[in-house]
Amino acid sequence: EAAVTQSPRNKVAVTGGKVTLSCNQTNNHNNMYWYRQDTGHGLRLIHYSYGAGSTEKGDIPDGYKASRPSQENFSLILELATPSQTSVYFCASGAQGDNQAPLFGEGTRLSVL
Amino acid sequence: GQQVQQSPTSLVLQEGENAELQCNFSTSLNSMQWFYQRPGGSLISVFYNPSGTKQSGRLTSTTVIKERRSSLHISSSQITDSGTYLCAMDSGTGGYKVVFGSGTRLLVSP
């Protein structure tokens, strides 16, 4: 069964600390995405990837890095976390051109104190 | 840049009433989708609807590309329909980059 799994599901971090959010998909999708969701903004795209080894900047990449070491895994890295990065983060995977919506993970709730 | 405007921002219905959710796009689009999200939950695709009308049970989506708009109609609403409905568009430029609206929060009460 197609799945996108995020870990951790909840995270509390301190300002200035490093945070890594992980995403794994078993769908053999080429494309993977990281979004954050905040009240009043919907979902905003941070980084995305077309395949292993590729990362692309989305609409709000500042303060975030991404890593795609394999087809299955896509990580979002906050090198120096700030309180403004407190949010809910969603990972998604999709296959470009197959007329299907991307599949989303359950989300990671991050609080930066 | 691409913008997606959803309306209304929130909606309260009595069970059994119908709802009409709107989505307007600032640029031409290649595809659009409707998603449903429970509070604190993930997003579930409801419709992938590049153009025309699609129906699934009590839900109907209509997209008019040349007018840059899409609607989601919920008939005979049920309490379990409560949640947030988001529309998203892909302009077809720069790869598969989906832009979301802010969502409509729907509450269906008994």
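Because the structure is predicted, anything quoted here is derived from the model rather than measured.

> Explain the overall build of chain A to me, please; I cannot follow it from the model alone.
Across its full length, chain A carries zero helices and 11 strands. N-terminal to C-terminal, the α/β element order of chain A is β-β-β-β-β-β-β-β-β-β-β. For chain A, whose C-alpha radius of gyration is 13 Å, the value lies close to the compact-globule estimate of 13 Å for 113 residues. For chain A, the spread of C-alpha atoms along the principal axes amounts to about 40 × 30 × 25 Å. In chain A, which comprises 113 residues, the share counted as buried stands at 50%. Pairs at least 24 residues apart make up 54% of the contacts formed inside chain A by residues separated by at least 6 positions. For chain A, the exposed surface amounts to about 5,300 Å²; the carbon and sulfur share of it is 47%. The averaged location of the 9 negative side-chain charges in chain A is 9 Å from the averaged location of its 9 positive side-chain charges.

> Honestly, the pairing of strand β8 (residues 69-74) of chain B in this entry has me stumped. Any pointers?
Two faces belong to every sheet, and in a regular strand the side chains alternate between them. All names here are of chain B. One ladder, built from six bridges, connects strand β3 (residues 19-25) with β8; its direction is antiparallel. Within the sheet, the bridge partner assigned to Glu20 lies in β8 and is His73. Strand direction decides the pairing type here: strand β7 (residues 59-64) and β8, joined by six bridges, are antiparallel. Paired with Thr63 across the bridge in β8 is Ser70. Connecting the antiparallel pair β7 and β8 is a turn made up of four residues, with Arg68 showing a positive phi of about 55 degrees.

So, how was this worked out
- Residues numbered from 1 in each chain as written.
- Chains lettered and ligands numbered in written order.
- Predicted model: local features only at pLDDT ≥ 70, side-chain atom pairs only at ≥ 80, totals over all residues.
- Heavy atoms only, no water.
- Helix = DSSP H or I, 4+ residues; strand = E, 2+ residues; numbered from the N terminus.
- Rg over C-alpha atoms; globule rule 2.2 N^0.38 Å.
- Buried < 20%, exposed > 50% of the residue type's maximum accessible area, 1.4 Å probe, protein only.
- Contact = heavy atoms within 4.5 Å.
- Areas by Shrake-Rupley, 256 points an atom, 1.4 Å probe, with all protein chains shown as cover.
- Lys, Arg positive; Asp, Glu negative; His and termini not counted.
- Charge placed at Lys NZ, Arg CZ, Asp CG, Glu CD.
- Pairing = 2+ DSSP bridges.

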